[in-house]
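# Fold and geometry: a report
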2 protein chains.
Amino acid sequence: MRRRIAVLGSTGSIGCQTLEVVERFPEKFEVVGLAAGSNLDRLARQVLKHRPRMVSIARKEDLPRFRAVLPGEIKLTCGIEGMAELAAADEVDIVVTSITGTVGLIPTIEAIKAGKDIALANKETLVAAGQLVMSLAEAKGVKILPVDSEHSAIFQCLNGENKSEVRRLILTASGGPFKNKSREQLADVTVEEALQHPNWSMGRKITIDSATMMNKGLEVIEARWLFNIKFANIKVMIHPQSIIHSMVEFVDGSVIAQMGIPDMRIPIQYALSYPERWENDFPKLDLVSVGKLSFEEPRADLFPCLQLAFEAGAAGGTMPAVMNAANEQAVEMFLERRIGFPDIADLIERVMSSHDCIDKPGLEDIIRSDCWAREEARRLANR
Amino acid sequence: MRRRIAVLGSTGSIGCQTLEVVERFPEKFEVVGLAAGSNLDRLARQVLKHRPRMVSIARKEDLPRFRAVLPGEIKLTCGIEGMAELAAADEVDIVVTSITGTVGLIPTIEAIKAGKDIALANKETLVAAGQLVMSLAEAKGVKILPVDSEHSAIFQCLNGENKSEVRRLILTASGGPFKNKSREQLADVTVEEALQHPNWSMGRKITIDSATMMNKGLEVIEARWLFNIKFANIKVMIHPQSIIHSMVEFVDGSVIAQMGIPDMRIPIQYALSYPERWENDFPKLDLVSVGKLSFEEPRADLFPCLQLAFEAGAAGGTMPAVMNAANEQAVEMFLERRIGFPDIADLIERVMSSHDCIDKPGLEDIIRSDCWAREEARRLANR
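From a predicted model like this one, the values you see are computed outputs, not experimental measurements. (Residues numbered from 1 in each chain as written. Chains lettered and ligands numbered in written order. Predicted model: local features only at pLDDT ≥ 70, side-chain atom pairs only at ≥ 80, totals over all residues. Heavy atoms only, no water.)

## Some words on the sheet that holds strand β6 (residues 117-120) of chain B
Residue and element names in this part refer to chain B. How we decide: What makes two strands pair is DSSP finding at least two bridges between them. Only DSSP runs of H or I covering at least 4 residues are called helices, and only runs of E covering at least 2 are called strands; the numbering of each starts at the N terminus. Structural elements are reduced to axes, namely lines fitted to C-alpha atoms, with helices fitted over the stretch in contact, and the angle between N-to-C directions of any two is expressed from 0 to 180 degrees.
The strand order across the open sheet formed by seven strands is β4-β3-β2-β1-β5-β6-β7, and the pairing between neighbours is parallel. Since the sheet does not close on itself, it has two edges, and those belong to β4 (75-78) and β7 (144-146), each with one partner. Here the strands of the sheet are splayed against their neighbours by 20 degrees on average, with no regard to which way each runs. Note that β6 and β7 share three bridges and pair parallel. When the sheet's bridge partners are listed, Leu-120 is paired in β7 with Pro-146.

Following this line, the structure appears as structure tokens:
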């Protein structure tokens, strides 16, 4: 029987690559739902190709125009509610949450409540609501399968291992385009420079997060929840070649690493094929032609966002949601050239320091804190 | 209950490190048997420390002298029969076969017949008699736990994985002290130079085997049997830092690697603790201070022994036993300064080419071929 997939955020980088993987295994999968926001032309092409039973778009005002290009039998909804309804529908076995931002949180929770396995690519789910989501997933017996290359790597390194024998997780980071700059040089970097990632081709938001290393900070918080491990036992290491996607060090001194070429289709496929591995024709890693792998400590002076993430994680409660929302807002303003590159970390820090953290937050607390943090970031930037 | 261990070859490098590991976990292990050949003083100290119930030594003529220094209740035997009796004794749960050479083959087979798990450090067991030993182990439901760092690495990388999803095994090799020499320079290398291994501190025979890369050739044949994989799917890669101990590439393009500092106590401990991992105070790997890991293809012109091993493996039957025995004899003659370094490979090749290979050999065929190959190597060297 084919697994019935819903893809939230199907027109983004991960969404498109997910559909590319799915197309390679037509005997394994059936696409039953697609949801997207900004790129309706691409979504229309995807719908005509994959013929899902349900489609959801972001804005209500686009419904009539989009309805006109869809085959009649397809159910069309809109907004967060529409996406949540699609994710939780009876016809769905697994939901790929490749949508960016807090907007992915509610549909993901609804999918878990409905007992769907989650191929998790939405960072905010665990950053903002890690405790809530993981305990819900456990209660529902739902698998949370990481799509991120780093978490997929750790997930694979833990195959057949006992989690109580883990000494620490080592998350690798390329260090982005600026790891060899001086602090002064960072003040002048342009949006174009920040969008030049050395190894990975990704969306704009995550590419900027890689340049600030906030991306790694978010991944640290995700790893804390996904693998139920203390922050003190998570280490970030710069590995410019992005070949080792992450590692697990065990108490006996053995380190298990997962490697591969930087190609997101590999971890996407693993999340969908798990616990199996399927043969594919993606280019294979050739370590001899890579030649060498190198490792450095991340420089705290260059990457204050990494420290902020550890601090937000340690504070717990609504603080990670606030940090994440402030970061989203700050990155947006940087991309709009309204603030400079170092202002991203400064803004996040100021928003965090004026936040009254709520312990053991419910979903509403999280969403309210998220909204507050965005407003606060805008307010501080406009002063 | 403590696991009852017998160590064959307890005074060699692996044997001593095995006892060092065992001493760190007195609540886990009881040493019930020790066997050794050449270093009776060290053996006597080990016996007085670990108080095994059985001891076996190589030569009958040493029995009276050695008996005199042992506590009276200890059972003392000698020769291959004595070692085999010790390995198969009722009191033993697991046998560490850290003895070098074909002499370890019969006791290992007797131990498997008696249903003992094997922590395998004796290369000849699988090189000379892989098919025979593995089918016997399967029939007896006995675990063969690799001690070699490379095979331990692969064994660990396969934890929780499906062997049918393996694309290839990648055995790493330091390349030894001569990997950057020219072919001409190899003609003049001395015994002392060949004994300078860049990363590992090991016995003399295996250190020379590392310089010729015959060690890797033997490991390729062992890997073929341990992991039931075709020679065509085993790749050897030079990795001078000896940090990645080996890797497994899966059909989906993921590569899982096991790393650690070059310290044999880690794989020894794993063979004894498997499937658990136990905390220890061995120095831990710090990739940032290692700085970089590099990878090269082994040069066929410099390392003809590697090719000979693949050829012997492909020929099958008694050929790997003959290759191994010719190599042991050639290395011995090199250490005695009777032949030069490049003569090792030349001699092995000539012995192999004059061997009438026996298909599906029994143990007697293997031992007879082994003896023949040693004689033939001596005869050819003395001509």
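## Points about empty space enclosed by the protein
Picture a little ball the size of a water molecule; that probe, rolled over the atoms, points out where space is still empty. What counts, and what does not: We place a 1 Å grid over just the protein atoms. Points where a 1.4 Å probe fits but has no way out form a cavity, open points with protein on both sides within 12 Å along at least 5 of 7 lines form a pocket, and any residue with an atom within 4 Å of a point lines it. Grid points are joined across faces, edges and corners, and a volume is the space filled by probe spheres set on the points. The classification used treats Ala, Val, Leu, Ile, Met, Phe, Trp, Tyr, Cys and Pro as nonpolar, Asp, Glu, Lys and Arg as charged, and all other residues, Gly among them, as polar.
Per the counting criterion, the structure on display carries six cavities of 30 Å³ or more. What the largest cavity holds in volume is close to 40 Å³. As for the largest cavity, its lining consists of Gln-156, Cys-157, Asn-159, Glu-161 and Ile-256 of chain A together with Gln-156, Cys-157, Asn-159, Glu-161 and Ile-256 of chain B. For the lining of the largest cavity, the secondary-structure elements that each account for two or more residues are α7 (149-157) of chain A together with α7 (149-157) of chain B. Here the residues of the lining of the largest cavity sort into four nonpolar, four polar and two charged.

## Here we look at the packing of aromatic side chains
All names here are of chain A. Formally: For this analysis, a ring pair means two rings from Phe, Tyr or Trp (six-membered ring only for Trp) whose centres lie within 6.5 Å, classed as stacked if their planes differ by under 30 degrees, edge-to-face if by over 60, and tilted for the remaining angles. In this scheme, a residue with accessible area under 20% of its type's maximum is buried, one over 50% is exposed, and one in between is partly exposed, where area comes from a 1.4 Å probe on protein chains only. Only when the NZ of Lys or the CZ of Arg is both within 6 Å of the ring centre and within 35 degrees of the ring normal is a charge said to sit over the ring.
Tallied over the full model, the rule gives 16 aromatic pairs over all chains. Centroid distance Tyr-270 to Tyr-274: 5.8 Å. Interplanar angle 70 degrees. Geometry classified as edge-to-face. In this structure Tyr-270 comes out as buried when scored by relative accessible area, which is 2%. The class for Tyr-274 is partly exposed, based on a relative accessible area of 24%. Aromatic ring contacts, followed pair by pair, group Phe-25, Phe-29 and Trp-278 into a single cluster. When the ring centre of Trp-225 is taken as reference, the NZ or CZ atom of Arg-224 above it lies at 3.8 Å.

## Structural notes on helix α10 (residues 204-212) of chain A
Residue and element names in this part refer to chain A. Cut-off, in case you're wondering: Whether two residues are in contact is decided by their heavy atoms, any of which lying within 4.5 Å being enough.
Counted residue by residue, α10 has seven buried out of nine residues, so it is predominantly covered. All buried positions along α10 are accounted for by Lys-205, Thr-207, Ile-208, Asp-209, Ser-210, Ala-211 and Thr-212. Turning to α10, the residues buried within the fold contact α6 (123-140), α9 (191-194), α11 (214-226), α14 (304-315), α15 (319-335) and α16 (341-353). Where α10 ends, the next residue or the one after it, Met-213, has phi of about 65 degrees, a positive value.

## Things to note about the pattern of salt bridges
Counted only if it meets this: The rule for a salt bridge is simple: a side-chain nitrogen of Lys or Arg has to be within 4 Å of a carboxyl oxygen of Asp or Glu.
Going through the model one piece at a time under the given rule, you end up with 67 salt bridges over all chains. Across the pair Arg-379 of chain A and Glu-376 of chain A runs a salt bridge whose closest N-O atoms are separated by 2.8 Å. Taken together, the residues span about one helical turn, with Arg-379 of chain A and Glu-376 of chain A both in helix α17 (residues 363-382) at a distance of three residues. Assessed through its relative accessible area of 9%, Glu-376 of chain A is described here as buried. Residue Arg-299 of chain B is joined to Asp-301 of chain B by a salt bridge in which the shortest nitrogen-to-oxygen separation is 3.3 Å. Since its relative accessible area comes to 34%, Arg-299 of chain B is described here as partly exposed.

## Observations concerning the confidence of the model for chain A
Using the following cut-off: Confidence scores labelled pLDDT are given residue by residue by the predictor and lie between 0 and 100.
Averaged over all residues, the pLDDT of chain A is 96; the fraction at 70 or higher stands at 100%. Reported confidence for the predicted complex is 0.96 by ipTM and 0.96 by pTM.

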